[in-house]
Amino acid sequence: MSTSGHALLLYCRAGFENECLAEASHLAHQAGLSGHGRIQPDAGFLRFQLQDALPWDEVARRLPWQDWVFPRQRIVLVARVDHLPAEDRVKPILDAVKQRGIKAGRVWFETADTNEAKELSSFLRSFAPHLERAFDKTGVMSKKPGAPTLHLFFEDSGSVEIGLSPADDAADWPMGIPRLRMPRAAPSRSTLKLAEAFLSLMTEREREASLRPGLRACDLGAAPGGWTLQLAERGLRVYAIDNGPIADSVLETGLVEHIRADGFTWRPPHKLDWMVCDMVEQPARVAALIGDWVASGRCRRSIFNLKLPMKKRFDEVQRCREILAGRLADTGQPWVLRMRHLYHDREEITAYLGPAA
Ligand SMILES: C[S@@+](CC[C@H](N)C(=O)[O-])C[C@H]1O[C@@H](n2cnc3c(N)ncnc32)[C@H](O)[C@@H]1O
């Protein structure tokens, strides 16, 4: 399966199409590729056309999922079918998939995450089983480990974009949206940001090594305690730093010490495994703080939120990367930095910084 000039399909929060375009242009350029995209404001997705003739999996390999910040998912498009007849939409899609020799481990029926697109969801619920049966019968579905995910993206009920993503290098949820349970004791919805960050920014091995009872953490800008609770629920002991109040439900875990102090000047009494930070502050100031903590060994790893109320969000993210790289340069150690505009983030992104395995 090798066609020329695949396009990327990038899902995002509506309103972040510009950031996706700036990032796609930047990453493509870095990977020695070139392409272009046209913004449809508030569409919730971006189509980025590549000029280079490469197999789909080579495109994905050159643009690895962990490098992306703003999209919720990156898919390599392999076909598009328009004018699907209302009386039989299955056959043209099945034909297009079979013609390209696609063997998929799973298939997801997707739309943009917008109110208009949500109207398609009842159509997709009734249509999907028909196509799934046809895929099963005709050998499109594969049990082979590593078989890619097949994405069927509907803008309306009459046309579909057909794309692929590698099984082990893409967001692991349909539409890139994790459905997370709100903990009963959570005092704020922002608790889900940290829960999502653990899942989408860290590997399983990193989670196992660092989210276990007995480890020590601090939470800068902790009130009312949603992030602190995520750490305490995993058995970590947490210094919760904020002049504001921490909810009783969080203090009742018995693992939290509330300290009324300024998160920029407070220092821990000993080295910590974790520092998390959700203070509403200028992103460059937060990036410098995180870089200083990690570089000085005050904490081993960090998850932090960067608020991006400005227009040029992609540029600001690049600036924060440079600040962090500058602070870490002298440590002589390899670090991983992963950043993402999470589903539970609004005008902000969340990042993980930790030791390279
Ligand atoms: C978005 S809220 C944090 C929500 C929290 N992550 C949760 O899940 O409940 C931001 C918090 O940062 C605190 N904050 C802002 N600047 C701070 C500073 N310099 N030192 C300590 N806390 C600060 C605010 O008081 C506020 O409670």
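The following paragraphs examine the structure supplied in this document. As the structure is a prediction and not an experimental result, all values here were calculated from the model.

The next thing to look at is the pairing of strand β8 (residues 216-220). With respect to burial, β8 is a largely interior element, four of its five residues being buried. As for the winding sense of the linkage, the β-α-β connection from β8 through helix α8 (residues 226-233) to strand β9 (residues 237-241) is right-handed.

Over the atoms a probe the size of a water molecule is rolled, and this reveals where empty space is left. For the structure shown, the criterion picks out one cavity of 30 Å³ or more. For the largest cavity, the calculated volume is near 70 Å³. Lining the largest cavity we find W65, P71, R72, A171, W173, G176, E196, S200, R340, H341, L342 and Y343. Taken together, the residues of the lining of the largest cavity break down into six nonpolar, three polar and three charged. Two domains share the lining of the largest cavity, each providing at least three of its residues, namely domain 1 (7-176) and domain 2 (191-355).

Take the site of the ligand next. The environment of the ligand is made up of 17 residues, and the closest members are S190, G226, D242, G263 and D278. In this structure, D278 approaches the ligand through a side-chain N or O atom, which is 2.8 Å from a nitrogen atom. In isolation the ligand offers 600 Å² of accessible surface; the protein chains occlude 77% of this area. In terms of residue class, the shell around the ligand is built from eight nonpolar, six polar and three charged.

Quick look at the packing of helix α6 (residues 191-201) against α8 now. Any two packed helices are characterised by how steeply their axes cross, that is the angle between the axes, and by the distance between the axes. Relative orientation of the contacting elements α6 and α8 amounts to 45°, with a least axis distance of 7 Å. Judged on the interaxial angle alone, α8 and α6 are oblique. For the pair α6 and α8, the sense of crossing is right-handed. In contact with T191, K193, L194, A195 and F198 of α6, α8 contributes G226, W227, Q230 and L231. Its residues assigned to classes, the contact of α6 with α8 comprises five nonpolar, three polar and one charged.

One open sheet accounts for seven strands, arranged β2-β3-β1-β4-β7-β6-β5; its pairing is mixed. Looking at strand neighbours, the two that pair on one side only are β2 (35-37) and β5 (106-110), the edges of this open sheet. Each strand axis lies, on average, 30° off the axis of its neighbour in the sheet, ignoring direction. With five bridges connecting them, strand β1 (residues 7-11) and strand β4 (residues 73-81) associate as antiparallel partners. For L8, the partnering residue across the bridge sits in β4 and is V76. The strands touched by helix α1 (residues 17-30) within the sheet are β1, β2 and β3 (45-50), with β3 carrying the most contacts at an inclination of about 25°. Here helix α5 (residues 121-137) sits on the sheet in contact with β5 and β6 (149-156), set at roughly 155° to β5.

Next up on the list: the nonpolar core. Counting residues in hydrophobic clusters, the biggest one holds 89 residues, and the most contacted among them are I93, F135, L150, L152, F154, I162 and L220. Take this core: its biggest share by element is eight residues, from helix α10 (residues 283-295). Formed jointly, this core draws a minimum of three residues from each of two domains, domain 1 (7-176) and domain 2 (191-355). Judged by nonpolar contacts, the second largest core, of 18 residues, contains A197, A217, W274 and V276.

This part takes up the environment of W274. Considering the arrangement of structural elements, one finds W274 in strand β11 (residues 272-277). Between the C-alpha atom of W274 and that of L201, which follows or precedes it by 73 residues, the distance is 15 Å.

Tallied over the full model, the rule gives 21 salt bridges. A salt bridge links E161 to R80, with the shortest nitrogen-to-oxygen separation between them at 2.9 Å. Here R80 lies in strand β4 and E161 lies in strand β7 (residues 159-165), a separation of 81 residues in the sequence. With a closest N to O distance of 4.0 Å, D113 and K118 form a salt bridge. For K118, a relative accessible area of 46% corresponds to the partly exposed category.

Scoring rules and cut-offs
- Along each chain, the written sequence defines residue order, and numbers are assigned to residues from 1.
- Selection of residues for local features in this predicted model requires a pLDDT of at least 70, selection of side-chain atom pairs for listing and counting requires 80 or more, and totals for whole chains, interfaces and linings are taken over all residues.
- Side-chain figures throughout are based on the complete set of non-hydrogen atoms in the structure, without hydrogens or water.
- Classification of residues uses two cut-offs on accessible area relative to the type maximum, computed with a 1.4 Å probe and protein chains only: under 20% is buried, over 50% is exposed, and between them is partly exposed.
- We count a stretch as a helix when DSSP gives it H or I for four or more residues in a row; a strand needs E for two or more, and each element gets its number in order from the N terminus.
- Consider the strands pointing away from the viewer: the crossover is right-handed when the path from the first strand over the helix to the second runs clockwise.
- We place a 1 Å grid over just the protein atoms. Points where a 1.4 Å probe fits but has no way out form a cavity, open points with protein on both sides within 12 Å along at least 5 of 7 lines form a pocket, and any residue with an atom within 4 Å of a point lines it.
- Grid points are joined across faces, edges and corners, and a volume is the space filled by probe spheres set on the points.
- Think of it as three bins: nonpolar holds Ala, Val, Leu, Ile, Met, Phe, Trp, Tyr, Cys and Pro, charged holds Asp, Glu, Lys and Arg, and polar takes everything else, Gly as well.
- Note that the domain bounds reflect an automated or database-derived domain assignment.
- If even one non-hydrogen atom of a residue comes within 4 Å of a molecule or strand, that residue is called near it.
- Under the rule applied, a polar contact is a pair of N or O atoms within 3.5 Å (in protein, one hydrogen donor and one hydrogen acceptor; residues adjacent in sequence only if both atoms are side-chain atoms).
- Throughout, the Shrake-Rupley method with a 1.4 Å probe supplies accessible areas, and for residues the shown protein chains are the sole cover considered.
- To get an axis, fit a line to the C-alpha atoms, keeping to the stretch in contact for a helix; angles then go from 0 to 180 degrees between the N-to-C directions.
- Angular relationships are summarised with four words: roughly parallel below 35 degrees, roughly antiparallel beyond 145, roughly perpendicular across 65 to 115, and oblique for the angles in between.
- Left-handed describes a crossing whose near helix is turned anticlockwise from the far helix by less than a right angle; the clockwise case is right-handed.
- Residues are treated as being in contact if the distance between any of their heavy atoms lies within 4.5 Å.
- One requirement defines pairing of two strands: DSSP has to find at least two bridges between them.
- To qualify as a nonpolar core, a set must consist of buried Ala, Val, Leu, Ile, Met, Phe, Trp, Tyr and Cys residues joined through side-chain atoms within 4.5 Å.
- Salt bridges are identified by distance alone: a Lys or Arg side-chain nitrogen within 4 Å of an Asp or Glu carboxyl oxygen.

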